[in-house]
Amino acid sequence: WVLLETFSDEGCDGDGGVQAFEVGECYSTGSEAVKFDDDTYFYYSSAANCDGTATLEAEVGDECEDAEQGSARVLASGLSTPVNADYPLTQGTFQNDDCDHLEMSSYYRATSAEDQEDADVGCEDFGSGSTKTEYTSSGFKSTAYSENGCSGTSATIFEITFGECE
């Protein structure tokens with residue numbers, strides 16, 4: 001796996017984020033596809049897979065590399081999983097429940113340890129209801145309540161187990 005920091009502007013400036021790619025694996029949202037292989041980022045517009053010629057092909061290394069549409073740099077490579085101590089949470093969303101990389105809603109995004117520590121846990125009131133977010137032994141869950149103070153009727157909104165496709 002590789003963690004790739006991407007930016008909207010040249011010079012590794014502007015909006016961006018950290019994406020995680022399994023080296024050589026193709027990822028698609030159905031309307032576009034991406035792949036990272038041999039220190040090269042491939043982008044395929046209007047494609048459901050990584051067959052054919054890439055619309056954009058850019059070599060990316062440890063230093064900032066400018067491309068036609070923004071810039072990027074490799075933060076970490078050679079990882080056996082899409083996380084490390086600096087980026088302990090990586091999450092992607094899929095269009096179905098089989099976690100097929102060719103049917104993703106959003107690509108894998110990594111969250112830094114610094115940003116993850118900022119996650120709001122505990123009870124948060126909104127209007128006449130509330131939500132409670134808490135870490136579990138293997139992930140976290142968020143529960144909605146019908147009344148303020150995390151009381152009344154409840155329902156689990158979502159529960160995420162780290163390392164599993166759910």
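Up top you'll find the structure we're talking about.
Residues numbered from 1 in each chain as written. Predicted model: local features only at pLDDT ≥ 70, side-chain atom pairs only at ≥ 80, totals over all residues. Heavy atoms only, no water.

Enquirer: Is there a simple way to explain the pairing of strand E12 (residues 129–136) in this structure?
Expert: Alignment of strand E11 (residues 122–126) against E12, held across five bridges, turns out to be antiparallel. The residue bridging Phe-126 from the neighbouring strand is Gly-129, located in E12. Note: E12 against strand E13 (residues 139–147), seven bridges, orientation antiparallel. Among the inter-strand pairings, Thr-133 is bridged to a residue of E13, identified as Ser-142. (Pairing = 2+ DSSP bridges. Helix = DSSP H or I, 4+ residues; strand = E, 2+ residues; numbered from the N terminus.)

Enquirer: Whenever I open this one, the nonpolar core confuses me. Can you help?
Expert: Note on soluble globular proteins: their nonpolar side chains tend to be buried together. Core analysis: the biggest nonpolar cluster contains 27 residues, and Leu-3, Leu-4, Phe-21, Tyr-27, Phe-36 and Tyr-41 have the highest contact counts within it. Examining the composition of this core, we find that four residues originate from one element, strand E10 (residues 104–111), more than from any other. Not counting the four nearest positions on each side in its chain, Tyr-27 is found in contact with Trp-1, Phe-21, Glu-22, Glu-32, Ala-33, Val-34, Cys-50, His-101, Met-104, Tyr-107 and Tyr-108. Grouped together as the second largest cluster of nonpolar side chains are seven residues, Ala-33, Phe-42, Tyr-44 and Ala-54 included. (Core = buried A, V, L, I, M, F, W, Y, C linked by side-chain atoms within 4.5 Å. Buried < 20%, exposed > 50% of the residue type's maximum accessible area, 1.4 Å probe, protein only. Contact = heavy atoms within 4.5 Å.)

Enquirer: Just checking my understanding: could you explain the packing of aromatic side chains for this structure?
Expert: Here the distance between the centres and the angle between the planes together describe a pair of aromatic rings. In total, this model carries five aromatic pairs according to the counting rule given. Taken together, a centroid distance of 5.8 Å and an interplanar angle of 65° make the contact between Phe-21 and Tyr-27 edge-to-face. Like Tyr-27, Phe-21 is buried. Plain terms: the ring middles of Tyr-27 and Tyr-108 are 5.9 Å apart, the flat faces sit at 90° to each other, and that makes the pair edge-to-face. Of the two residues, Tyr-27 is situated in strand E3 (residues 26–28) and Tyr-108 in strand E10; the sequence distance between them amounts to 81 residues. Here Tyr-27 and Tyr-108 have matching classes, each one buried. (Phe/Tyr/Trp six-rings, centres within 6.5 Å; stacked < 30°, edge-to-face > 60°.)

Enquirer: Is there a simple way to explain the state of the cysteines in this structure?
Expert: Cysteine pairs can be covalently joined through their sulfur atoms, and such a bond is termed a disulfide. On inspection of all chains with the given rule, the structure shows three disulfides. Between the sulfur of Cys-26 and that of Cys-50 lies a disulfide, 2.1 Å long from S to S. Across the S-S bond linking Cys-26 and Cys-50, the dihedral sits near 85°, which makes this disulfide right-handed. Separated by 24 residues along the polypeptide, Cys-26 in strand E3 and Cys-50 in the loop between strand E5 (40–45) and strand E6 (56–59) bring together distant segments of the chain. (Disulfide = S-S within 2.5 Å.)

Enquirer: How should a negative patch on the surface be read in this particular structure?
Expert: Together, Asp-9, Glu-10, Asp-13, Asp-15, Asp-38, Asp-39, Glu-57, Glu-59, Asp-62, Glu-63, Glu-65 and Asp-66 line one region of the surface with negative charge. At the level of elements, strand E2 (13–21), E6 and strand E7 (65–67) are the ones that each hand at least two residues to the negative patch. Here Asp-15 shows up in strand E2. (Patch = residues over 30% accessible without salt bridge, like charges linked within 9 Å, V, L, I, M, F, W, Y side chains within 5 Å. Areas by Shrake-Rupley, 256 points an atom, 1.4 Å probe, with all protein chains shown as cover. Salt bridge = Lys/Arg side-chain N within 4 Å of Asp/Glu carboxyl O. Lys, Arg positive; Asp, Glu negative; His and termini not counted. Charge placed at Lys NZ, Arg CZ, Asp CG, Glu CD.)

Enquirer: Even after reading the chapter, I still don't get the sheet that holds E7, so can you show me in this structure?
Expert: Within a sheet, adjacent strands bond to each other through the backbone by hydrogen bonds, running parallel or antiparallel. Judged by pairing direction, the sheet is antiparallel, and its six strands sit side by side in the order E7-E8-E1-E2-E10-E9 without closing on themselves. Two strands lie at the open edges of the sheet, namely E7 and strand E9 (89–94), each paired on one side alone. Strand-to-strand twist across the sheet, computed as the mean angle between neighbouring axes with direction ignored, equals 35°. By the bridge criterion, five bridges tie E9 to E10 in an arrangement that is antiparallel. Counted as the bridge partner of Phe-94 is Met-104 from E10. (Axes fitted to C-alpha atoms, helices over the stretch in contact; angles between N-to-C directions.)

Enquirer: I would appreciate a short explanation of the layout of surface pockets in the present structure.
Expert: Regions of empty space are outlined by a rolling probe, equal in size to a water molecule, passed over the atoms. Space inside the second largest pocket adds up to approximately 340 Å³. Lining the second largest pocket are 23 residues, with Thr-6, Phe-7, Tyr-41, Leu-56 and Gln-69 positioned closest to its centre. Tallied by class, residues from the lining of the second largest pocket come to 12 nonpolar, seven polar and four charged. (1 Å grid on protein atoms, 1.4 Å probe; cavity = no way out; pocket = protein on both sides within 12 Å on 5 of 7 lines; lining within 4 Å. Points joined across faces, edges and corners; volume = space filled by probe spheres on them. Nonpolar A, V, L, I, M, F, W, Y, C, P; charged D, E, K, R; others polar.)

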